[in-house]
Amino acid sequence: MHNQEINHLITEVRNKYGDIKYYGSSTDEENGVCFKLNGITATFSVHTQNGTLKQLYDIQIEGIPPGEYIYTDIVSLTEFMALIHRYQGDEETWP
């Protein structure tokens, strides 16, 4: 089962973007999650470094099909939500 930090992130993402689709991940992962969102052709991997990050998330964003990471960083929830927004458009418009 996801830890509190990951559950909070998932709840916020669902509230703004609708349901997530687990992608190479499951609810069994305590400290992380990988998911896709409807209408966005990027995947989002998020983890808390085994629970050591508090109110921050280690993230990786990649396209579909998977290849090299497009973006990696350690960010707050607010920063992560802004990143999702930036990846909503066509791949040609991605940062």
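Just so you know, these numbers come straight off a predicted model, no measurement behind them. (Residues numbered from 1 in each chain as written. Predicted model: local features only at pLDDT ≥ 70, side-chain atom pairs only at ≥ 80, totals over all residues. Heavy atoms only, no water.)

## Some points on the sheet that holds strand β1 (residues 20-22)
Spatially, five strands are ordered β1-β2-β3-β4-β5 in an open sheet, and the strand pairing comes out antiparallel. The open sheet has two free edges, formed respectively by β1 and β5 (69-75), since each of these has just one partner strand. Shown here is a sheet whose adjacent strand axes are inclined to one another by a mean of 25 degrees, direction ignored. Where strand β3 (residues 42-47) lies against strand β4 (residues 57-63), six bridges are found, and the strand directions are antiparallel. Pairing of Val46 across the sheet is with Ile59, part of β4. (Pairing = 2+ DSSP bridges. Helix = DSSP H or I, 4+ residues; strand = E, 2+ residues; numbered from the N terminus. Axes fitted to C-alpha atoms, helices over the stretch in contact; angles between N-to-C directions.)

## Re the pairing of β5
Two faces make up the sheet, and in a regular strand the side chains alternate between them. Bridge count between β4 and β5: six bridges; the pairing is antiparallel. Looking at the pairing, Gln60 lines up with Thr72 of β5. Counting the residues that bridge the hairpin from β4 to β5 gives five residues.

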